Amino acid sequence: MRLDTRHFGTIEIDEKGIINFSEGLPGFEHVRQFVLLGSDEQLPFKWLQSVDEPELAFVVVDPFCIRKDYDITLEDAVLEKLGIKGPEDVLVYSIVVVPEDTSRMSMNLKAPVVINVKNNKGMQVILDTDEYSVRHYILEELQRQEVGGYACSDEKKGAVHCHK
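Residues numbered from 1 in each chain as written. Predicted model: local features only at pLDDT ≥ 70, side-chain atom pairs only at ≥ 80, totals over all residues. Heavy atoms only, no water.

Some details on the overall build of the protein chain
Counting its secondary structure elements, the protein chain contains three helices and 13 strands. Burial statistics for the protein chain: of 164 residues in total, 45% are counted as buried. In the protein chain, 57% of the contacts between residues at least 6 apart in sequence involve partners at least 24 apart. Total accessible area on the protein chain stands at roughly 9100 Å², and carbon and sulfur atoms take up 48% of it. (Helix = DSSP H or I, 4+ residues; strand = E, 2+ residues; numbered from the N terminus. Buried < 20%, exposed > 50% of the residue type's maximum accessible area, 1.4 Å probe, protein only. Contact = heavy atoms within 4.5 Å. Areas by Shrake-Rupley, 256 points an atom, 1.4 Å probe, with all protein chains shown as cover.)

Here it is in C-alpha cells:
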C-alpha cells in the first residue's frame, strides 16, 4: 500500500503492519490506523505514522530506554480490549513533543501508547498514577542518569505488568 506522507514523501507500507486504534488517540479520535516507521538501528525513537491521514505522524520513543525505572500496570479492561495475554505481547511507546528548543524535548509517560504485537491492536492508555507526567524532559532525564553505554540494555529495562 502506498502512502503520500508529509515527513517521508511517498512510502510503501505492508498492510499486515497496520495497527488499529479502535478509539483513535486523544484529540485524534477519527484517526484509527497507524504504522510504526523506523529501523531498530534508530532505537529508541520511531514514528507512529497515520494511514488514515498521511500528513499526521507522531515521534514516539521507547520510554524504558530513557527512564530505566519506568514501570506500568495495565488494567484488566485494557488487557481485554487489546487481547493481551502476557508481557511478551506488548510494545509500549511514549509520544514525544519536539519544541523549537530541542533541549526541552519531552515524552508523555502519563499516557503511553500500548500495542499488542500479536494482533496489531493499540490504544493510548491514561495511567491512574501521579508518579508520571505528560511532560517528562528527555535530556534532563538522560543527564540525571549520566547515561553511558548501557542505555536500553535488558538488565536496566523497566517493566510492564499485566493484571489478569
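Things to note about the layout of surface pockets
In this structure, the second largest pocket occupies an estimated 160 Å³ of space. Of the residues contributing to the lining of the second largest pocket, the split by class is six nonpolar, two polar and four charged. (1 Å grid on protein atoms, 1.4 Å probe; cavity = no way out; pocket = protein on both sides within 12 Å on 5 of 7 lines; lining within 4 Å. Points joined across faces, edges and corners; volume = space filled by probe spheres on them. Nonpolar A, V, L, I, M, F, W, Y, C, P; charged D, E, K, R; others polar.)

Quick word on the confidence of the model for the protein chain
Put simply, the protein chain has an average pLDDT of 89, and 87% of its residues get 70 or more. Confidence over residues 153-157 falls short of pLDDT 50; this stretch has five contacts with residues more than four positions distant or in other chains. (pLDDT = per-residue confidence, 0-100.)

Here's the deal with a negative patch on the surface
Residues Glu75, Asp76, Glu80, Asp128 and Asp130 make up a contiguous surface patch of negative charge. Among the structural elements, Glu75 can be located in the loop between β7 (71-74) and α2 (76-82). By relative accessible area, Glu75 is classed as partly exposed at 48%. (Patch = residues over 30% accessible without salt bridge, like charges linked within 9 Å, V, L, I, M, F, W, Y side chains within 5 Å. Salt bridge = Lys/Arg side-chain N within 4 Å of Asp/Glu carboxyl O. Lys, Arg positive; Asp, Glu negative; His and termini not counted. Charge placed at Lys NZ, Arg CZ, Asp CG, Glu CD.)

Thoughts on the packing of aromatic side chains
A complete count under the given rule lists six aromatic pairs for this structure. With centroids separated by 5.2 Å and ring planes inclined at 90 degrees, the aromatic side chains of Phe8 and Trp47 adopt a geometry described as edge-to-face. Taken together, the residues span a long stretch of sequence, with Phe8 in the loop between β1 (2-5) and β2 (9-12) and Trp47 in strand β5 (residues 45-50) at a distance of 39 residues. Given the relative accessible area of 32%, Phe8 is considered partly exposed. We classify Trp47 as partly exposed; its relative accessible area is 26%. Centroid distance Phe28 to Phe58: 5.3 Å. Interplanar angle 80 degrees. Geometry classified as edge-to-face. Taken together, the residues span a long stretch of sequence, with Phe28 in the loop between β3 (19-20) and β4 (33-37) and Phe58 in strand β6 (residues 57-61) at a distance of 30 residues. Phe28 sits in the partly exposed class, given a relative accessible area of 28%. Classification of Phe58 as buried rests on a relative accessible area of 13%. (Phe/Tyr/Trp six-rings, centres within 6.5 Å; stacked < 30°, edge-to-face > 60°.)

Observations regarding the environment of Val90
With respect to the helices, strands and loops of the structure, Val90 is situated in strand β8 (residues 90-97). For Val90, a relative accessible area of 13% corresponds to the buried category. Considered as a pair, Val90 and Ile115 are 25 residues apart in the sequence and their alpha carbons are 5.6 Å apart.

Looking at the pairing of β8
Within a regular strand, side chains alternate between the sheet's two faces. Counting buried residues in β8 gives six out of eight residues, a clear majority hidden from the surface. Pairing geometry for β6 and β8, over two bridges, is antiparallel. When the sheet's bridge partners are listed, Val60 is paired in β8 with Ile95. Looking at chain direction, β8 and strand β10 (residues 113-116) are connected through four bridges and run antiparallel. Across the sheet, the residue bridging to Tyr93 is Val113, located in β10. As judged from the two bridges shared by β8 and strand β9 (residues 106-107), these two strands associate in the antiparallel manner. Its bridge partner lying in β9, Val97 is registered against Ser106. (Pairing = 2+ DSSP bridges.)

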